[in-house]
Amino acid sequence: MYEFTYHRPTSLADAAAMLGRSEEAKLLGGGQTLLPTLKQRLARPSDLIDLGQIAELKGIREEAGGLAIGAFTRHAEVAHSDLVRRVIPALADLAEGIGDRQVRNMGTLGGSICNADPSADYPSAVVALKATVKTDRREIAGDDFFTGMFETALEPGEIVTSVTFQKPDKAAYAKFRNPASRYAIVGVFVARFGGEVRVAVTGAGPSVFRATDMETALAGNFSPDALNGIKVASDGLNADIHASADYRAHLVTVMAKRAVAAAG
Amino acid sequence: MANPNGIGASVRRREDARFLTGRGTYTDDISRPNQTHAVFVRSPYAHARIRGIDAGEAMTAPGVVAVLTGADMEADKVGSLPCGWQIHSKDGSPMKEPPHFPIARDRARYVGDAVAVVIAETREQARDAAELVMVDYEELPAAVTSVKALDGTAPLVHDDVAGNLCFDWHLGDAAAVDAAFAQAAHVAKLDLVNQRLIPNAMEPRAAVGEYDRATGEHTLTTTSQNPHVIRLLMGAFVLGIPEHKLRVVAPDVGGGFGSKIFHYGEEAVVTWAARKVGRPVKWTAERSESFLTDAHGRDHVSHAELALDKDGNFLALRVATIANMGAYLSTFAPSIPTYLYATLLAGQYKTPAIYAEVKAVFTNTAPVDAYRGAGRPEACYLIERLVEVAAAETGIDKAELRRRNFVPASAMPYQTPVALQYDTGDFAKNLDIALPMVDYAGFAARKAESARRGKLRGIGFATYIEACGIAPSNVAGALGARAGLYESAEVRFHPTGSVTVFTGSHSHGQGHETTFAQLVAERFGVPIENVEIVHGDTSKIPFGMGTYGSRSLAVGGSAIVKAMDKVERKAKKIAAHMLEAAETDIEVKDGRFVVAGTDKALSIGDIALQAYVPHNFPLDELEPGLDEQAFYDPKNFTYPNGCHVCEVEIDPETGVVEVVNFAAVDDFGRVINPLIVEGQVHGGLVQGIGQALYENCVYDEESGQLITGSYMDYCMPRADDVPSFAVQYHEDQPCTHNPLGVKGCGEAGTIGASAAVMNAVVHALSDLGVTHMDMPATPERVWQVIQRHSHAQAAE
Ligand SMILES: Cc1cc2nc3c(=O)[nH]c(=O)nc-3n(C[C@H](O)[C@H](O)[C@H](O)COP(=O)(O)OP(=O)(O)OC[C@H]3O[C@@H](n4cnc5c(N)ncnc54)[C@H](O)[C@@H]3O)c2cc1C
């Protein structure tokens, strides 16, 4: 790591002010991505602003029938929350499947979505559950939040404060883990709201996307068989030593079917 | 009554309380007053000429004490890291042994090759300054894979090694093999890759160098499996320090798997630099450095053919292997694909003729050397895959085909056509025990049940035999070993009856502090708490060879037994004197020295006290004290053997392989501590399963960059990847030539498991027409194989 100045503000306003003071300052969530990056000397922030002492960024509440989850809520808290389990059990399942215990005990919802790793799990829930991302400045529709690989709609200096997820009638997340990192090679979040079905795919492409053909098919017949023969195109999908684009395209259908089956 | 902590007792590992509570002392835990920190500048290129190094800016960075390069080492006449085993090619010429300097001089030959070292007050300062060292590289084309490196057009890793060929060696009788193939009713053929692995010991390598100006003594504390070997190699060949002025300490070591046998350049650098800068120098590898620079394992590309007669009897085996040595010869690298590999190609079978050719090749990759099993897993994998192919092709049941060809127990001792003489083993018995453990007869029903759930099920076998406790020294010497292969021990009774055992073996996870103490507890009836095992310090223990090749108990334990024999002989004399009996009348019973036929008896504690306070002692006949040393040079290798059976279920939609059942039956000879043995087997099996399903070291074939340079891409097996193992052993085939009857258990799991898993995987896919796939059977690879064969089947 290079040297930096560490700050631990206790209010959102203080954090925003500190962040505004230097272009090279960075927010610290659970540190699960940022700290390894610093250890490998791949980033050189002047200041680290730890969000961990800001009460406004924490906690899980029921809101408008759905859930509002503070940005600095750890994955383990979401996974083990009775409230989440009752309102949107698929979201608790998703959180429970992130990384390993150590990562879940540290990593946060805000850090995960702001990092916008193409193989992160939460982006699929943000899109499938018609979420709204709240920041210290505005509200951003979940559909508009992820703009590319490691890219979001956030402006410089903007801080995510919470995410509200809408409650679906049925939902499930099916993940095909990278055997080494345990991130998603492909993760598919399927959610049904009345006659509308959302199928959000993470891991497969540069950024989370909706499989609209699958959504249409499932809206007519919410069963795994409805997806028979429906495949996303492999063009433009990610490819690495673990999974080719073709394999990922294939897995999207397999995982989508499994998610539909699990959603019941 | 037998000692509750004696031989055969599952004593819990005494060392674990220390390890589990964070109280172990590892090299990185050691800090010396006034210590400095070393960070290496490493080549970012697989192959590059070093045109110049400008350390000017780095030298002025905060905290920097020195920046040293290969040129500085050359000026100080530092030598090359020696290779401990010399192989001769078919034509009699010695292997090519290009120099391997601790810091590269004019050329860097793999990504991670050290080109300079920065020494600073803190590690962070050294890291900061390392980024300021300007190395003027001229990138050169790289030879990355072994097959391409040999093709005659590849860039040369060393200018004076033509065709990158280190040696072209062979073993066995080519003419006899050719004749047998001419008679064969069937020939099974197989091309297979045994992929490169990265060892991944939990503790990264580390080293602390110290120099005492007052005494002229150097001390190296290092993560080593064999400190005396390091002292000998580094002292005599690299730094020119005589043994009496060089102490090497290997304190607690957190796993080695072979990778900490070798003498690494960093050890020489910190030892040399400590004198140069006049302060202790410490280096601890970062995990990324471990990936790049720990000696890797395996990396064989082979073609194999097995000739059978019409009844399925094996007639001959022919093998051609290309073994990747990496950029330089690591300490024992040449012995691995030769005497630890080709000599094992008979396996458990009475194949009368075997011929193996091995080409060892230099590439622009990290050096490759022994990794748990070292040559023997490669041999086992090759034979057992080939036997399974032969079974499939001839239609003979795979268990039956093996049974038909086993060397029968009645044929022991058995001379193989590839130089080894097996002393004991009952291979059919291993199989007989294993089959009911996995309900072999019920497999078809389980397969049908899996099919109903849309899954493919397969069952695979591997029988293995390994040669452990490499020996005797003179035989190994004739085969090219440049070291002895004995072990040392000293058993020192103290005046009040407690014991310190000094062993040349080195524990880095094996539990010696428990097993070795059990030997003493059993022999002399002392409570195990009164026995201390000391290892890993050249200033304390007699010259020892350390731990590798599952040798500790068979060789190191035997040395302890020999030292205990000497203690007992002397104690008998003392007892006879004290009890006023004839020496011949003294019997040792449950650790007590008894006058035969009487109730007159002494404990070893009584005798030890008299030995050190010799008031009633035969001083004109015996020296005082009770402290004996022994060296044990084995008469033969030991031959652990066994039968592993694996059952897998494959999800054809995703290609995921699940190991659903695994049984291991092993013959380790006599077992001292069943709990530790079972732990060793479990760990070995997981490593073998890791190779079969998960682990793969991948370099970019053009640039030579290590793609799997972190755990994000290098997949280690996890606890939840493996089933509960069914493990059994039997003890009725003890080793005939060491006093304990033990064979060794450290590598067995790794040797058998990969083949068993892959045989199960291929079996599960066999209905699709699959006859082979290479490791690791990752989800995508399995899926691709299924795709190819489903399409092929559909096209038919
Ligand atoms: C071994 C390992 C395995 C993992 N496996 C998975 C997995 O399976 N699935 C998965 O989804 N993830 C996985 N992760 C990622 C992890 O779960 C975290 O979600 C992720 O690292 C980021 O969250 P964090 O809270 O740690 O953020 P940090 O690392 O602290 O920050 C990440 C980025 O977000 C910014 N940031 C943080 N909070 C805010 C905020 N409130 N507003 C604006 N910007 C902010 C930071 O400045 C930084 O740029 C894994 C990580 C590791 C180390």
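Residues numbered from 1 in each chain as written. Chains lettered and ligands numbered in written order. Predicted model: local features only at pLDDT ≥ 70, side-chain atom pairs only at ≥ 80, totals over all residues. Heavy atoms only, no water.

1. A word on unusual backbone geometry
Residues and elements named next belong to chain B. Selection rule: The secondary structure listing takes helices from DSSP runs of H or I that are at least 4 residues long and strands from runs of E that are at least 2 residues long, numbered from the N terminus. Buried residues are those whose accessible area, probed at 1.4 Å on protein chains only, stays under 20% of the maximum for their type, while exposed residues exceed 50% and partly exposed ones sit between those limits.
Cis geometry marks the peptide bond from Met 412 to Pro 413, where omega comes out at -5°. Tracing the sequence through the fold places Pro 413 in the loop between α11 (398-405) and β16 (414-415). The residue after Met 775, namely Pro 776, is reached through a cis peptide bond having omega -10°. Unlike most non-glycine residues, Asn 200 shows phi in positive territory, near 60°. Within the secondary structure, Asn 200 sits in the loop between β8 (186-197) and β9 (206-212). Asn 200 gets classed as buried once you look at its relative accessible area, which sits at 9%.

2. Some words on the interface of chain B and chain A
Under the convention used in this document: Residue contacts are defined here by distance: any two heavy atoms, one from each residue, within 4.5 Å place the two residues in contact. When two parts are brought into contact, each loses some accessible area as probed by a 1.4 Å sphere; the total of that loss over both is the buried area. Any carboxyl oxygen of Asp or Glu that lies within 4 Å of a side-chain nitrogen of Lys or Arg is treated as forming a salt bridge with it. Counting of polar contacts relies on pairs of N or O atoms within 3.5 Å, with two restrictions inside protein: one atom must be capable of donating a hydrogen and the other of accepting it, and residues adjacent in sequence are counted only when both atoms are side-chain atoms.
Chain B puts 22 residues into the contact, and the matching count from chain A is 24 residues. Taken together, the two surfaces of chain B and chain A that pack against each other cover about 1900 Å², and 47% of this comes from carbon and sulfur. Three residues stand out in chain B for area buried against chain A, namely Met 712, Glu 780 and Trp 783 of chain B, and they jointly supply 26% of the buried area on that side. At the surface where chain B touches chain A, the tally comes to seven salt bridges. Its salt-bridge partner being Glu 131 of chain B, residue Arg 41 of chain A comes within 3.2 Å of it at the nearest N-O pair. Across the chain B-chain A interface, the total number found is 16 residue pairs in polar contact (both at pLDDT 80 or more). Mapped onto the side of chain B that touches chain A, the elements with two or more residues apiece are α4 (123-130) and α20 (779-795) of chain B. With four residues, α20 of chain B is the single largest residue contributor to the side of chain B that touches chain A.

3. Some words on the pairing of strand β26 (residues 641-651) of chain B
Of all eleven residues making up β26 of chain B, eleven are buried, and the element is well covered by its neighbours. Residue alternation in β26 of chain B divides its side chains into two sets, Asn 641, Cys 643, Val 645, Glu 647, Glu 649 and Asp 651 of chain B and Gly 642, His 644, Cys 646, Val 648 and Ile 650 of chain B, and both sets are buried.

4. Here we look at the packing of helix α16 (residues 552-579) of chain B against helix α17 (residues 604-612) of chain B
Residue and element names in this part refer to chain B. In plain terms, the rule: With axes taken as lines fitted to C-alpha atoms, and helix axes fitted only over the stretch in contact, angles between N-to-C directions fall between 0 and 180 degrees. Roughly parallel means an angle under 35 degrees; roughly antiparallel means over 145; roughly perpendicular covers 65 to 115; every other angle is labelled oblique. The classification used treats Ala, Val, Leu, Ile, Met, Phe, Trp, Tyr, Cys and Pro as nonpolar, Asp, Glu, Lys and Arg as charged, and all other residues, Gly among them, as polar.
Viewed as axis vectors pointing N to C, α16 and α17 meet at an angle of 85°, and their least axial separation amounts to 10 Å. On the basis of their axis angle, the class for α16 and α17 is roughly perpendicular. Across the interface between the two elements, Val 567, Ala 571, Ile 574, Ala 575 and Met 578 of α16 pack against Ile 604, Asp 606, Ile 607, Gln 610 and Ala 611 of α17. Of the residues contributing to the contact of α16 with α17, the split by class is eight nonpolar, one polar and one charged.

5. Let's talk about a nonpolar patch on the surface
Convention followed: Note that patches include only residues with greater than 30% relative accessible area and no salt bridge, and the join distances are 9 Å for like charges and 5 Å for nonpolar side chains (Val, Leu, Ile, Met, Phe, Trp, Tyr). All accessible areas in this document rest on Shrake-Rupley with a 1.4 Å probe, and a residue is counted as covered only by the protein chains that are shown.
On the surface, a nonpolar cluster with roughly 230 Å² of combined accessible area is contributed by Leu 609, Tyr 612 and Val 613 of chain B. Note on placement: Tyr 612 of chain B falls in helix α17.

6. Observations concerning the domain arrangement of chain B
Residues and elements named next belong to chain B. Our working definition: Where each domain starts and ends comes from a domain assignment, either automatic or drawn from a database.
According to the domain assignment, chain B contains domain 1 (16-22 + 486-632), domain 2 (31-140 + 205-284) and domain 3 (297-470 + 636-795). Once you take the C-alpha centre of each, domain 2 and domain 3 turn out to be 36 Å apart. Taken together, the contact between domain 2 and domain 3 spans 28 residues of the former and 26 residues of the latter. Overall, the association of domain 2 and domain 3 removes approximately 2300 Å² of surface from exposure, summing both partners, and the carbon and sulfur fraction of that is 67%. If you sort the residues of domain 2 by the area they bury against domain 3, Trp 85, Phe 257 and Phe 262 come out on top, with a joint share of 27%. Taken together, the links from domain 2 to domain 3 amount to one salt bridge. Two residues, Glu 357 and Lys 90, come together in a salt bridge whose shortest N-O distance is 2.5 Å. Counting the contacts that link domain 2 with domain 3 gives eight residue pairs in polar contact (both at pLDDT 80 or more).

7. Side note on the sheet that holds strand β24 (residues 601-603) of chain B
All names here are of chain B. Note the following rule: Only strands that DSSP links by at least two bridges are regarded as paired with each other.
With respect to topology, three strands assemble into an open sheet ordered β22-β23-β24, the strand pairing being antiparallel. The open sheet has two edge strands with one neighbour each: β22 (586-589) and β24. Averaged over all pairs of adjacent strands, the angle between strand axes in this sheet comes to 25°, irrespective of strand direction. Pairing geometry for strand β23 (residues 592-595) and β24, over three bridges, is antiparallel. Paired with Phe 593 across the strands is Leu 602, a residue of β24.

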